[in-house]
Amino acid sequence: MRKGLLKRVVAIALAAAMTFGGELVAPQFAQTAHAMEIVEGVLPVVNSADEGASVSAVFTQQIKLDDYKNDGSDVAKGYFKFNVNQDSWVHFAGSYAFSVDVCVGSDVTIYSDPSFSNKVLDYQFGYGYWRKKKETAAFLKKGTYYGYVCTVHENHPVFDGNMNIVAYAVPVSKIVNPKMSKKKGKTIVTFADSLGSYTNGVQYINKSVAKSQLGRDQSTWRKKVFSSWIGGDKKTKMMKTNSAGKYTFTAKKAGKYTAMIEDIYGNRYQRTFKVKVKK
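Numbering of residues starts from 1 in each chain and follows the order in which that chain's sequence is written. In keeping with the model being predicted, local features are shown solely for residues with a pLDDT of at least 70 and side-chain atom pairs are shown and tallied solely at 80 or more, while totals for entire chains, interfaces and linings include all residues. Side-chain measures here rest on the full set of heavy atoms in the structure, leaving out hydrogens and waters.

Concerning the pattern of salt bridges
Pairing is possible between side chains of opposite charge, provided their charged atoms come close.
Now for step 1: Salt bridges, as used here, are contacts in which a Lys or Arg side-chain nitrogen is within 4 Å of a carboxyl oxygen on Asp or Glu. Per the stated rule, a full pass over the model turns up seven salt bridges.
Now for step 2: When the shortest N-O distance is used, the salt bridge between Asp 122 and Lys 133 registers 3.9 Å. Of the two residues, Asp 122 sits in strand β6 (residues 119-126) while Lys 133 sits in the loop between β6 and β7 (136-140), which places them 11 residues apart along the sequence.
Now for step 3: Each of the salt bridges in this network shares a partner with another, and the network as a whole consists of Asp 107, Arg 131 and Glu 154. Here a strand is any run of E in DSSP of at least two residues, a helix any run of H or I of at least four, and the numbering for each starts at the N terminus.

Okay, here's the thing in C-alpha coordinates:
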(Lines give C-alpha, C1' and ligand atoms only; values in the text may rest on other atoms or scores of the structure.)
Protein backbone atom coordinates (compact mmCIF):
# COMPACT_ATOMS: atom_id res chain seq x y z
CA MET A 1 0.00 0.00 0.00
CA ARG A 2 2.79 2.41 0.96
CA LYS A 3 4.76 1.45 -2.18
CA GLY A 4 1.73 2.20 -4.39
CA LEU A 5 1.18 5.55 -2.71
CA LEU A 6 4.86 6.39 -3.15
CA LYS A 7 4.69 5.57 -6.87
CA ARG A 8 1.69 7.84 -7.30
CA VAL A 9 3.43 10.71 -5.48
CA VAL A 10 6.56 10.29 -7.60
CA ALA A 11 4.47 10.18 -10.80
CA ILE A 12 2.64 13.40 -9.87
CA ALA A 13 5.93 15.11 -9.01
CA LEU A 14 7.50 14.02 -12.31
CA ALA A 15 4.49 15.20 -14.28
CA ALA A 16 4.66 18.61 -12.59
CA ALA A 17 8.39 18.82 -13.27
CA MET A 18 7.93 17.89 -16.94
CA THR A 19 5.23 20.54 -17.35
CA PHE A 20 7.35 23.23 -15.75
CA GLY A 21 10.41 22.12 -17.70
CA GLY A 22 8.42 22.20 -20.95
CA GLU A 23 7.60 25.89 -20.42
CA LEU A 24 11.31 26.65 -20.08
CA VAL A 25 12.55 24.57 -23.02
CA ALA A 26 9.76 25.32 -25.52
CA PRO A 27 8.59 28.95 -25.48
CA GLN A 28 4.83 29.36 -25.24
CA PHE A 29 4.62 31.29 -28.50
CA ALA A 30 6.40 28.47 -30.35
CA GLN A 31 3.67 26.05 -29.27
CA THR A 32 1.00 28.59 -30.17
CA ALA A 33 2.52 29.08 -33.60
CA HIS A 34 1.41 25.61 -34.63
CA ALA A 35 -2.16 26.39 -33.61
CA MET A 36 -2.22 29.88 -35.14
CA GLU A 37 -2.53 30.54 -38.83
CA ILE A 38 0.81 31.23 -40.51
CA VAL A 39 0.12 33.69 -43.29
CA GLU A 40 2.20 33.29 -46.43
CA GLY A 41 3.48 36.56 -47.84
CA VAL A 42 5.28 37.51 -51.04
CA LEU A 43 8.74 38.99 -50.66
CA PRO A 44 9.27 41.75 -53.27
CA VAL A 45 12.46 41.44 -55.33
CA VAL A 46 14.16 44.63 -56.52
CA ASN A 47 17.32 45.48 -58.41
CA SER A 48 18.60 47.94 -55.82
CA ALA A 49 17.82 49.21 -52.33
CA ASP A 50 16.55 52.47 -53.81
CA GLU A 51 13.61 50.56 -55.32
CA GLY A 52 12.73 49.12 -51.91
CA ALA A 53 11.13 52.38 -50.74
CA SER A 54 7.93 51.68 -52.68
CA VAL A 55 7.33 47.96 -52.09
CA SER A 56 4.18 46.43 -50.60
CA ALA A 57 4.19 44.84 -47.15
CA VAL A 58 5.14 41.17 -46.92
CA PHE A 59 2.69 40.79 -44.00
CA THR A 60 -0.19 42.98 -42.75
CA GLN A 61 -2.16 42.40 -39.55
CA GLN A 62 -5.32 44.32 -38.66
CA ILE A 63 -5.19 45.19 -34.97
CA LYS A 64 -7.57 46.81 -32.51
CA LEU A 65 -6.38 47.34 -28.94
CA ASP A 66 -9.02 49.17 -26.91
CA ASP A 67 -7.20 50.33 -23.82
CA TYR A 68 -3.83 50.37 -22.13
CA LYS A 69 -3.79 48.02 -19.12
CA ASN A 70 -0.07 47.46 -18.50
CA ASP A 71 -0.70 43.84 -17.54
CA GLY A 72 0.53 42.06 -20.68
CA SER A 73 -2.98 41.32 -21.95
CA ASP A 74 -3.09 44.06 -24.58
CA VAL A 75 -1.01 42.31 -27.21
CA ALA A 76 -1.55 41.05 -30.75
CA LYS A 77 0.55 38.20 -32.13
CA GLY A 78 1.09 37.37 -35.78
CA TYR A 79 2.85 34.61 -37.68
CA PHE A 80 3.94 34.72 -41.30
CA LYS A 81 6.30 33.11 -43.79
CA PHE A 82 7.89 34.06 -47.08
CA ASN A 83 10.22 32.57 -49.69
CA VAL A 84 13.64 33.86 -50.66
CA ASN A 85 13.89 32.50 -54.20
CA GLN A 86 17.62 33.16 -54.60
CA ASP A 87 20.45 34.16 -52.30
CA SER A 88 19.74 37.79 -51.45
CA TRP A 89 20.33 40.78 -49.22
CA VAL A 90 16.97 41.18 -47.47
CA HIS A 91 15.94 44.39 -45.72
CA PHE A 92 13.29 44.48 -42.97
CA ALA A 93 11.32 47.38 -41.46
CA GLY A 94 7.77 48.07 -40.22
CA SER A 95 4.97 50.61 -40.24
CA TYR A 96 1.43 51.31 -39.06
CA ALA A 97 -1.59 52.58 -40.98
CA PHE A 98 -5.05 54.08 -40.31
CA SER A 99 -4.75 54.71 -36.55
CA VAL A 100 -4.43 58.40 -35.59
CA ASP A 101 -2.28 57.73 -32.53
CA VAL A 102 0.58 55.26 -32.75
CA CYS A 103 0.55 54.01 -29.17
CA VAL A 104 1.86 50.50 -29.86
CA GLY A 105 5.24 48.90 -30.40
CA SER A 106 6.10 45.78 -32.36
CA ASP A 107 8.88 43.23 -31.81
CA VAL A 108 9.76 41.03 -34.79
CA THR A 109 11.84 37.86 -35.02
CA ILE A 110 12.71 35.99 -38.23
CA TYR A 111 13.44 32.25 -38.18
CA SER A 112 14.77 29.79 -40.76
CA ASP A 113 12.53 26.87 -39.77
CA PRO A 114 8.78 26.20 -39.29
CA SER A 115 9.32 25.33 -35.61
CA PHE A 116 10.35 28.96 -34.93
CA SER A 117 13.54 27.78 -33.21
CA ASN A 118 16.45 28.83 -35.45
CA LYS A 119 16.61 32.58 -35.06
CA VAL A 120 18.04 34.58 -37.96
CA LEU A 121 17.49 38.16 -36.81
CA ASP A 122 15.22 40.46 -34.80
CA TYR A 123 14.23 44.13 -34.74
CA GLN A 124 11.64 46.45 -33.21
CA PHE A 125 9.64 49.46 -34.30
CA GLY A 126 6.89 51.74 -33.02
CA TYR A 127 6.30 53.31 -29.59
CA GLY A 128 9.05 53.07 -26.97
CA TYR A 129 12.48 54.64 -26.68
CA TRP A 130 13.92 51.17 -25.99
CA ARG A 131 12.96 50.03 -29.50
CA LYS A 132 16.13 51.32 -31.11
CA LYS A 133 16.60 48.73 -33.86
CA LYS A 134 13.89 50.09 -36.17
CA GLU A 135 15.10 48.23 -39.23
CA THR A 136 17.72 45.65 -40.17
CA ALA A 137 18.97 43.40 -42.96
CA ALA A 138 20.76 40.14 -43.62
CA PHE A 139 22.26 38.12 -46.45
CA LEU A 140 19.87 35.16 -46.63
CA LYS A 141 20.25 31.88 -48.49
CA LYS A 142 17.52 30.62 -50.80
CA GLY A 143 14.71 29.05 -48.76
CA THR A 144 11.57 29.60 -46.70
CA TYR A 145 11.67 31.87 -43.66
CA TYR A 146 9.19 32.36 -40.83
CA GLY A 147 8.31 35.48 -38.87
CA TYR A 148 6.77 36.15 -35.46
CA VAL A 149 5.58 39.63 -34.49
CA CYS A 150 4.19 40.72 -31.14
CA THR A 151 2.51 44.14 -31.03
CA VAL A 152 2.10 45.60 -27.54
CA HIS A 153 -0.24 48.41 -26.42
CA GLU A 154 2.18 50.82 -24.76
CA ASN A 155 0.07 53.95 -24.12
CA HIS A 156 -3.52 55.03 -23.49
CA PRO A 157 -5.06 55.99 -26.86
CA VAL A 158 -7.02 53.26 -28.62
CA PHE A 159 -5.12 51.70 -31.52
CA ASP A 160 -7.24 50.61 -34.48
CA GLY A 161 -5.27 50.03 -37.66
CA ASN A 162 -2.83 47.90 -39.58
CA MET A 163 0.60 46.72 -38.56
CA ASN A 164 2.84 46.14 -41.59
CA ILE A 165 6.03 44.12 -41.95
CA VAL A 166 7.86 45.66 -44.88
CA ALA A 167 10.67 43.72 -46.53
CA TYR A 168 12.36 43.36 -49.88
CA ALA A 169 15.19 41.37 -51.44
CA VAL A 170 18.11 42.45 -53.59
CA PRO A 171 19.65 39.31 -55.18
CA VAL A 172 23.38 38.98 -54.53
CA SER A 173 23.80 38.55 -58.28
CA LYS A 174 22.86 42.24 -58.53
CA ILE A 175 25.19 43.34 -55.74
CA VAL A 176 28.60 42.10 -56.89
CA ASN A 177 28.11 41.60 -60.63
CA PRO A 178 31.38 42.77 -62.21
CA LYS A 179 31.49 44.24 -65.70
CA MET A 180 34.89 44.44 -67.38
CA SER A 181 36.25 46.89 -69.91
CA LYS A 182 39.54 45.65 -71.38
CA LYS A 183 42.22 48.01 -72.60
CA LYS A 184 45.86 47.47 -73.41
CA GLY A 185 47.68 46.71 -70.21
CA LYS A 186 44.67 47.07 -67.91
CA THR A 187 41.07 46.06 -67.26
CA ILE A 188 38.55 48.36 -65.65
CA VAL A 189 36.18 46.45 -63.35
CA THR A 190 32.86 48.03 -62.34
CA PHE A 191 29.66 46.97 -60.61
CA ALA A 192 26.50 48.77 -59.56
CA ASP A 193 25.99 50.48 -56.21
CA SER A 194 23.01 48.21 -55.49
CA LEU A 195 22.78 48.85 -51.74
CA GLY A 196 23.13 52.63 -52.02
CA SER A 197 23.03 54.37 -48.63
CA TYR A 198 23.00 50.97 -46.89
CA THR A 199 26.61 50.37 -47.99
CA ASN A 200 29.24 50.78 -45.31
CA GLY A 201 32.22 50.00 -47.53
CA VAL A 202 33.50 47.96 -50.47
CA GLN A 203 36.94 46.35 -50.66
CA TYR A 204 38.85 44.22 -53.14
CA ILE A 205 42.06 42.18 -53.33
CA ASN A 206 43.96 40.41 -56.09
CA LYS A 207 43.46 36.83 -54.88
CA SER A 208 40.83 34.25 -54.05
CA VAL A 209 39.51 34.62 -50.51
CA ALA A 210 38.01 31.77 -48.48
CA LYS A 211 34.59 32.28 -46.85
CA SER A 212 36.26 31.75 -43.49
CA GLN A 213 37.99 35.12 -44.00
CA LEU A 214 34.73 37.05 -44.24
CA GLY A 215 34.55 37.94 -40.54
CA ARG A 216 35.51 41.35 -39.14
CA ASP A 217 38.49 40.01 -37.17
CA GLN A 218 40.13 38.01 -39.93
CA SER A 219 43.37 38.79 -41.77
CA THR A 220 42.09 39.71 -45.26
CA TRP A 221 39.47 42.42 -44.93
CA ARG A 222 39.71 45.73 -43.13
CA LYS A 223 37.21 46.77 -40.47
CA LYS A 224 35.82 50.22 -39.84
CA VAL A 225 36.57 51.82 -36.48
CA PHE A 226 34.88 55.20 -36.18
CA SER A 227 35.72 56.78 -39.56
CA SER A 228 38.85 54.76 -40.39
CA TRP A 229 39.35 51.35 -41.98
CA ILE A 230 42.06 49.38 -40.19
CA GLY A 231 43.71 45.96 -40.27
CA GLY A 232 43.40 43.45 -43.06
CA ASP A 233 45.87 42.41 -45.74
CA LYS A 234 48.29 45.07 -46.97
CA LYS A 235 47.11 44.37 -50.52
CA THR A 236 43.44 44.98 -49.68
CA LYS A 237 42.12 48.21 -51.15
CA MET A 238 38.96 50.24 -50.61
CA MET A 239 36.73 50.98 -53.58
CA LYS A 240 34.94 54.23 -54.39
CA THR A 241 32.14 55.07 -56.78
CA ASN A 242 32.92 56.79 -60.08
CA SER A 243 31.04 59.70 -61.68
CA ALA A 244 28.39 57.23 -62.90
CA GLY A 245 27.72 56.03 -59.36
CA LYS A 246 29.34 52.62 -59.84
CA TYR A 247 32.10 50.97 -57.85
CA THR A 248 35.25 50.56 -59.89
CA PHE A 249 38.91 49.55 -59.79
CA THR A 250 41.61 49.08 -62.41
CA ALA A 251 43.38 45.72 -62.67
CA LYS A 252 46.81 45.69 -64.29
CA LYS A 253 47.48 42.08 -63.39
CA ALA A 254 45.44 39.11 -64.60
CA GLY A 255 44.16 36.56 -62.12
CA LYS A 256 41.53 36.01 -59.47
CA TYR A 257 40.10 38.98 -57.61
CA THR A 258 37.68 39.06 -54.69
CA ALA A 259 35.32 41.95 -53.91
CA MET A 260 33.61 42.30 -50.53
CA ILE A 261 30.73 44.57 -49.61
CA GLU A 262 29.68 45.39 -46.04
CA ASP A 263 26.34 46.99 -45.19
CA ILE A 264 25.64 49.48 -42.40
CA TYR A 265 24.44 46.66 -40.13
CA GLY A 266 27.78 44.85 -40.34
CA ASN A 267 26.66 42.11 -42.75
CA ARG A 268 29.20 41.07 -45.36
CA TYR A 269 29.15 39.35 -48.75
CA GLN A 270 32.07 38.51 -51.05
CA ARG A 271 32.55 37.11 -54.53
CA THR A 272 35.64 35.86 -56.35
CA PHE A 273 35.97 36.30 -60.13
CA LYS A 274 38.63 36.12 -62.84
CA VAL A 275 40.05 39.16 -64.58
CA LYS A 276 41.94 39.02 -67.88
CA VAL A 277 44.32 41.78 -68.96
CA LYS A 278 45.41 42.47 -72.55
CA LYS A 279 49.12 42.64 -73.08
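Here we look at the packing of aromatic side chains
Aromatic ring pairs are reported here in terms of the distance separating the ring centres and the angle at which the planes meet.
Now for step 1: Between 30 and 60 degrees the pair is tilted, below 30 it is stacked and above 60 it is edge-to-face, where a pair is any two Phe, Tyr or Trp rings, Trp via its six-membered ring, whose centres lie within 6.5 Å. Enumeration according to the criterion identifies 20 aromatic pairs in this entry.
Now for step 2: Here the aromatic rings of Trp 89 and Tyr 198 are separated by 5.5 Å at their centres, their planes lie at 50°, and the arrangement is tilted. Taken together, the residues Trp 89 in strand β4 (residues 88-97) and Tyr 198 in the loop between β11 (186-192) and β12 (199-205) connect sequence positions 109 residues apart.
Now for step 3: Exposure is judged per residue with a 1.4 Å probe applied to protein chains only, and the accessible area is read against the type maximum: over 50% gives exposed, under 20% gives buried, and values in between give partly exposed. Among the residues examined, Tyr 198 registers a relative accessible area of 16% and is labelled buried.
Now for step 4: Ring geometry for Phe 92 versus Tyr 123: centroids 6.2 Å apart, planes at 40°, classification tilted. Taken as a pair, Phe 92 in strand β4 and Tyr 123 in strand β6 lie far apart in primary sequence, 31 residues in all. Here Phe 92 and Tyr 123 have matching classes, each one buried.

Re the environment of Val 84
Now for step 1: Mapped onto the secondary structure, Val 84 falls in strand β3 (residues 75-84).
Now for step 2: By relative accessible area, Val 84 is classed as buried at 3%.
Now for step 3: Each C-alpha atom, one on Val 84 and one on Val 42, is 9.1 Å from the other, the two residues being 42 residues apart in sequence.
Now for step 4: Between two residues, a contact is recorded if the distance between any of their heavy atoms is within 4.5 Å. Setting aside chain neighbours within four positions, we find Val 84 in contact with Leu 43, Val 90, Leu 140, Lys 141, Lys 142, Gly 143 and Tyr 145.

What to know about the confidence of the model for the chain
Now for step 1: Taken as a whole, the chain shows an average pLDDT of 87; of its residues, 85% reach a score of 70 or greater.
Now for step 2: pLDDT: the predictor's confidence for each residue, scored from 0 to 100. No element of the chain has a lower mean pLDDT than helix α1 (residues 2-25), at 39, and none a higher one than β7, at 98.
Now for step 3: The low-confidence segment residues 5-34, where pLDDT is below 50, has 13 contacts with residues more than four positions distant or belonging to other chains.

Things to note about a nonpolar patch on the surface
Now for step 1: A cluster of nonpolar side chains, namely Tyr 127, Tyr 129 and Trp 130, defines an oily patch on the protein surface of about 390 Å² accessible area.
Now for step 2: Relative to the helices and strands, Tyr 129 is located in the loop between β6 and β7. Candidate patch residues must exceed 30% relative accessible area and have no salt bridge, after which like charges are joined if within 9 Å and Val, Leu, Ile, Met, Phe, Trp or Tyr side chains if within 5 Å. Each accessible area is a Shrake-Rupley estimate made with a 1.4 Å probe; only the visible protein chains count as cover when residues are assessed.

Here's the deal with the layout of surface pockets
Now for step 1: In this structure, the largest pocket occupies an estimated 280 Å³ of space.
Now for step 2: Lys 141, Lys 211, Leu 214, Tyr 269 and Gln 270 are, among the 14 residues lining the largest pocket, the residues nearest its centre.
Now for step 3: For the lining of the largest pocket, the secondary-structure elements that each account for two or more residues are β7 and β19 (268-275).
Now for step 4: With five residues, the top contributor of residues to the lining of the largest pocket is β19.
Now for step 5: Lys, Arg, Asp and Glu make up the charged group, whereas Ala, Val, Leu, Ile, Met, Phe, Trp, Tyr, Cys and Pro make up the nonpolar group; the residues left over, Gly among them, are polar. Class assignment of the residues belonging to the lining of the largest pocket gives a composition of six nonpolar, three polar and five charged.
Now for step 6: Each cavity reported here is a set of points on a 1 Å grid over the protein atoms alone in which a 1.4 Å probe fits but cannot get out, each pocket an open set with protein on both sides within 12 Å along at least five of seven lines, and each lining residue one with an atom within 4 Å of a point. Grid points are joined across faces, edges and corners, and a volume is the space filled by probe spheres set on the points. Approximately 210 Å³ is the volume found for the second largest pocket.
Now for step 7: In terms of lining, the second largest pocket is formed by Tyr 204, Ile 205, Asn 206, Lys 207, Lys 235, Lys 237, Phe 249, Thr 250, Ala 251, Lys 252, Lys 253 and Tyr 257.
Now for step 8: Only β12 and β17 (246-251) provide two or more residues apiece to the lining of the second largest pocket.
Now for step 9: In terms of residue count, the dominant contributor to the lining of the second largest pocket is β17 (three residues).
Now for step 10: In the lining of the second largest pocket, the residues fall into five nonpolar, two polar and five charged.

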